Amino acid sequence: MNTLLFPVILAGGKGERFWPLSRKDRPKQFLSLDGSSRSLLQATADRLLALGGAWDSLWVITSSQIAEGVRQQLPDLPVENLLIESEGRDTAAAVAWTSLEIKQRYGEDAVIGFFPADHWIADQKAFAHTLSAATQLAASTAAIVTLGIKPTFPSTGYGYIEQGEKIGSFNELPAYHVNRFTEKPNRETAETFLSTGRFSWNSGMFVFRAGVVLKELHTHAPEIIEPLEQHGPDIYPQLPKKSIDYALMEKTTLAYVLPVDFGWDDLGDWNAIERLLKTEESPNVELATHIGLDTQGAIIYASNPEDVVVTIGLEDVVIVRDRNVTLIVKKERTQEIKQILKILQSDSRFTDLL
């Protein structure tokens, strides 16, 4: 089966936990965080175009605040394939609107895949093999296919998918009906999940036919799909703000999972840099000119190559120097960067730092 996949990049996120490098005018998806010359958005587009499609089949949905930046990053993207949200309403609205647009242009049997702009994939060949399997399953079955990442440790920061009955194999990969989705568990629960061998991390990547997902949205999220059908994207600011997981995936009986292992990270915060770039030879991850004494387990980043970061006696910290801001935080507390941004937002002296 050689069914065309219409990949959609979800590029509306803010990436606040990568502040101060990620800011309103330069969100995370515009950054290169792996030492390459390609931004996360560009690398995602490269990866999806390598599946065999062309720019005409690639779509991007983003916010009005960064739409011009997306155009600059992806100049070959057809203008009609860039959907611009007037106001971010989370992923359920993004999936609904894009699926309506693709159905209108290509019909209800068009197979659509949704991919966050800020993921890192190690094995491109395995990723392409997996997407071929997911496309085959979605094309042949009334299925909403999710890619489940085989867990490598009991993470408390990811959602989990429990696989149920095996329904067959596609492109030599086994596919299972989804028993349930579980939001971020505590460590004890995560360890129990791993011990069963039935759980995958929820990657946030989905593949389905346009008609299938729209029908399911009518059943489980009419408050999102019906206003969009009646009024178009002008109704966007009035739509409820819900994730596709909460609005649909946790409710539908058509969810299937492909447990996959192609080397994946969702690059959620600064600690992801260590997972990508840490080597046994170096005590730290250094994306800066760093002079250190008795410093280990540190992640050090400076956007200006002329800046020098000097440390003495530090352990397990993140240091980020960008423009007029220096961030120093313990690695275990990087999730709290969002709280700092709320403080900055409430004080007019600091709004230019956001």
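Below, the structure is looked at part by part. Predicted model, so just to flag it, every value in this text is computed and none were measured.

1. Focus: the overall build of the protein
Then, number 1: Scanning the protein for helices and strands turns up 10 helices and 17 strands.
Then, number 2: Over its C-alpha trace the protein gives a radius of gyration of 21 Å, about what one expects of a compact globule, namely 20 Å for 354 residues.
Then, number 3: Residues counted as buried form 51% of the 354 residues belonging to the protein.
Then, number 4: Here the analysis covers contacts within the protein between residues at least 6 apart in sequence; of these, 66% occur between residues at least 24 apart.
Then, number 5: Accessible surface for the protein amounts to roughly 16500 Å². Of this, 47% is attributable to carbon and sulfur atoms.
Then, number 6: Between the mean site of the 34 positive side-chain charges and the mean site of the 47 negative ones, the protein shows a separation of 3 Å.

2. Some thoughts on empty space enclosed by the protein
Then, number 1: Applying the stated rule across the entire model yields 1 cavity of 30 Å³ or more.
Then, number 2: Approximately 40 Å³ is the volume attributed to the largest cavity.
Then, number 3: What lines the largest cavity is simply T44, R47, L48, F115, P116, H119, I121, F127 and M205.
Then, number 4: Of all the secondary-structure elements, those providing two or more residues to the lining of the largest cavity are α1 (40–49) and β4 (111–116).

3. Regarding the environment of E85
Then, number 1: The topology assignment puts E85 in strand β3 (residues 82–85).
Then, number 2: Under the relative-accessibility criterion, E85 is labelled buried at 7%.
Then, number 3: A sequence separation of 152 residues divides E85 from P237, and the C-alpha atoms of the two residues are 8.8 Å apart.
Then, number 4: With residues up to four places along the chain from it excluded, the contact list for E85 reads I61, T62, S63, S64, D90, A94, W97 and Y236.
Then, number 5: A polar side-chain atom of E85 sits 2.5 Å from a polar atom in the side chain of Y236.

4. Some details on the packing of aromatic side chains
Then, number 1: One pass over the structure, following the stated rule, counts 13 aromatic pairs.
Then, number 2: On the numbers, 5.0 Å between centres and 55 degrees between planes, the contact of F18 with W270 is tilted. One end of the pair, F18, is in the loop between β1 (5–10) and α1; the other, W270, is in the loop between β11 (264–265) and α9 (271–277), with 252 residues separating them in the sequence. Across the pair, W270 and F18 agree in class, each one buried.
Then, number 3: Measuring from centroid to centroid gives 5.2 Å for F153 and W201, while their planes differ by 70 degrees, and the two rings are edge-to-face. Residue F153 is found in the loop between β6 (144–149) and β7 (160–170), and its partner W201 is found in strand β9 (residues 199–209); the two are separated by 48 residues along the sequence.

5. Remarks on the nonpolar core
Generally speaking, a soluble globular protein has its nonpolar side chains buried in company with each other.
Then, number 1: I9, L258 and F262 are the most contacted members of the largest nonpolar core, which has 45 residues in total.
Then, number 2: Ranked by residue count, the leading element in this core is helix α4 (residues 124–140), at 6 residues.
Then, number 3: For F262, the contacting residues outside a window of four places in its chain are I121, A122, D123, A126, F127, T130, L147, I149 and M205.
Then, number 4: Grouped together as the second largest cluster of nonpolar side chains are 42 residues, Y176, A221, I225 and I244 included.

6. Focus on α4
Because the α-helix completes a turn every 3.6 residues, residues three or four places apart line up on one side.
Then, number 1: Between its terminal C-alpha atoms α4 stretches 24 Å, which fits the 24 Å expected from 17 residues at 1.5 Å a residue.
Then, number 2: F127, T130, L131, A133, A134, T135, Q136, L137 and A138 are the residues of α4 that are buried.
Then, number 3: At the N-terminal boundary of α4, the capping side chain belongs to D123, with an oxygen 3.2 Å from the backbone nitrogen of K125.

7. A word on the sheet that holds strand β14 (residues 299–302)
Then, number 1: Read across the sheet, 4 strands follow the order β12-β14-β16-β17 without closing on themselves; strand pairing throughout is mixed. Of all the strands in the sheet, just β12 (285–287) and β17 (325–330) have a single pairing partner and so form its edges. Neighbour-to-neighbour, the strand axes of the sheet open up by a mean angle of 5 degrees, direction not taken into account.
Then, number 2: With 3 bridges joining them, β12 and β14 adopt parallel strand pairing. Within β14, the residue paired with E286 across the bridge is I300.

8. Quick look at the environment of E250
Then, number 1: Looking at the secondary structure, you find E250 in the loop between α8 (244–249) and β10 (255–260).
Then, number 2: Each C-alpha atom of the pair E250 and V178 lies 9.6 Å from the other, and the pair is 72 residues apart in sequence.
Then, number 3: Once residues within four sequence positions are removed from consideration, E250 is found in contact with F181, E183 and D245.

9. Considering unusual backbone geometry
Then, number 1: A cis amide bond links W19 to the next residue, P20, at an omega of 10 degrees.
Then, number 2: By the element assignment, P20 lies in the loop between β1 and α1.
Then, number 3: A positive phi angle is found at L267, which is not glycine, with a value near 50 degrees.
Then, number 4: With respect to the helices and strands, L267 occurs in the loop between β11 and α9.
Then, number 5: By relative accessible area, which is 1% here, L267 ends up buried.
Then, number 6: Positive phi is not limited to glycine here, since D294 has a value of about 55 degrees.
Then, number 7: Here D294 shows up in the loop between β13 (289–293) and β14.

Calculation rules
Residues numbered from 1 in each chain as written. Predicted model: local features only at pLDDT ≥ 70, side-chain atom pairs only at ≥ 80, totals over all residues. Heavy atoms only, no water. Helix = DSSP H or I, 4+ residues; strand = E, 2+ residues; numbered from the N terminus. Rg over C-alpha atoms; globule rule 2.2 N^0.38 Å. Buried < 20%, exposed > 50% of the residue type's maximum accessible area, 1.4 Å probe, protein only. Contact = heavy atoms within 4.5 Å. Areas by Shrake-Rupley, 256 points an atom, 1.4 Å probe, with all protein chains shown as cover. Lys, Arg positive; Asp, Glu negative; His and termini not counted. Charge placed at Lys NZ, Arg CZ, Asp CG, Glu CD. 1 Å grid on protein atoms, 1.4 Å probe; cavity = no way out; pocket = protein on both sides within 12 Å on 5 of 7 lines; lining within 4 Å. Points joined across faces, edges and corners; volume = space filled by probe spheres on them. Polar contact = N/O pair within 3.5 Å; in protein donor to acceptor, adjacent residues only side chain to side chain. Phe/Tyr/Trp six-rings, centres within 6.5 Å; stacked < 30°, edge-to-face > 60°. Core = buried A, V, L, I, M, F, W, Y, C linked by side-chain atoms within 4.5 Å. Expected span 1.5 Å × (residues − 1). Pairing = 2+ DSSP bridges. Axes fitted to C-alpha atoms, helices over the stretch in contact; angles between N-to-C directions.

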